[in-house]
Amino acid sequence: MNLKNLIPVTLLVLISCGQNDKSEIKETNDKPKNETETPKNRPAKALFDIKAAKIVYNYTDGQETGTETLYFDDYGAVAVMVVDRKSKYSVVNQTTIWKDKKSTIINHENKTVAKSSFRPKATEPPAIADTDEKTRKNIGYEKLADETIAGKTCEVWFNAKQNFKYCLWNKVVLKEALGTSIVREATTVEEIAEIPASVMEIPKGYKQ
């Protein structure tokens, strides 16, 4: 056999095999990514129906106004609430980190850090989110037409007796309103890969 003819043929076979291997690797790498996005991989105790998100709210209660930013990961097992609100008489500027079943409360006004075993209610779904439609109606809620909040379609539940309304998306409250006096409404909703590390850090110099 002519060796000069054999070498190009051998190289062609090797290159072809290499290309097939790359294609198989790409398909293998892509598959787990898609699988992690399916509901089957949610933990049994998942609070929310999406893994991680950042949501910015406008808040007003007639006297106090400002913003709240909610971050959560691992379907709500880890959460951070950043509050920046002001009124004529007070200022609230703090970050609360819920992790490992405890809260770390960072007060940016007096630069102190405190610990607590209580989780902020605003970092978890309301009780109504985990009840079926029949139960919701039995406790006084009625389902209204869907609303679009920050680009997301929400289920709307209204309690006429309490004059209270929830707008829910994947068990996340995007709007809650007590009449017109207290309103908390999302302005942006972003699904994220994880909570930024900087949000979880305690600033240097804060008293613990």
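Criteria and thresholds
Residues numbered from 1 in each chain as written. Predicted model: local features only at pLDDT ≥ 70, side-chain atom pairs only at ≥ 80, totals over all residues. Heavy atoms only, no water. Disulfide = S-S within 2.5 Å. Buried < 20%, exposed > 50% of the residue type's maximum accessible area, 1.4 Å probe, protein only. Helix = DSSP H or I, 4+ residues; strand = E, 2+ residues; numbered from the N terminus. Polar contact = N/O pair within 3.5 Å; in protein donor to acceptor, adjacent residues only side chain to side chain. Contact = heavy atoms within 4.5 Å. Phe/Tyr/Trp six-rings, centres within 6.5 Å; stacked < 30°, edge-to-face > 60°. Lys NZ or Arg CZ within 6 Å of the ring centre and 35° of its normal. Pairing = 2+ DSSP bridges.

Chemist: Any details on the state of the cysteines? Residues and values, ideally.
Modeler: Using the criterion set out here, one finds 0 disulfides in the structure. No disulfide involves cysteine 154; its sulfur sits 5.6 Å from that of cysteine 167, the nearest cysteine. In this structure cysteine 154 comes out as buried when scored by relative accessible area, which is 1%.

Chemist: Give a description of the side chain of threonine 104 that names residues and reports values.
Modeler: Mapping threonine 104 onto the fold places it in strand S5 (residues 102–107). The class of threonine 104 is buried, set by a relative accessible area of 10%. Polar side-chain contacts of threonine 104 include one of 3.1 Å to the side chain of lysine 115. Residues within four places of threonine 104 in sequence aside, it is in contact with Thr95, Thr96, Ile97, Val113, Ala114, Lys115 and Ile202.

Chemist: Summarise the packing of aromatic side chains; cite the residues concerned and give the values.
Modeler: Counted according to the given criterion, the structure contains 3 aromatic pairs. Between phenylalanine 164 and tyrosine 166 the ring centres are 4.8 Å apart and the planes differ by 70 degrees, which places this aromatic pair in the edge-to-face class. Pairwise contacts between aromatic rings join Tyr141, Phe164 and Tyr166 into one cluster. Here arginine 85 stacks its cationic end above the ring of tyrosine 59, 4.4 Å away from the centre of that ring. Arginine 184 extends its terminal NZ or CZ atom over the ring of tyrosine 57, reaching a point 3.9 Å from the ring centre.

Chemist: Lay out the pairing of strand S9 (residues 164–169) in plain terms, naming residues and giving numbers.
Modeler: Most of S9 sits inside the fold, with 6 of its 6 residues counted as buried. Alternating positions in S9 separate into two faces, Phe164, Tyr166 and Leu168 on one and Lys165, Cys167 and Trp169 on the other, with burial throughout. Taking the residues that link successive antiparallel strands as the turn, the strand S8 (residues 152–159)-S9 hairpin has 4 residues, and the phi of asparagine 163 there is positive, at about 55 degrees. In this sheet, strand S10 (residues 172–178) lies alongside S9 in antiparallel orientation, the contact comprising 6 bridges. Bridge assignment links tryptophan 169 to a residue of S10, and that residue is valine 172. The antiparallel hairpin formed by S9 and S10 contains 2 residues in its connecting segment, where asparagine 170 sits at a positive phi of about 55 degrees.

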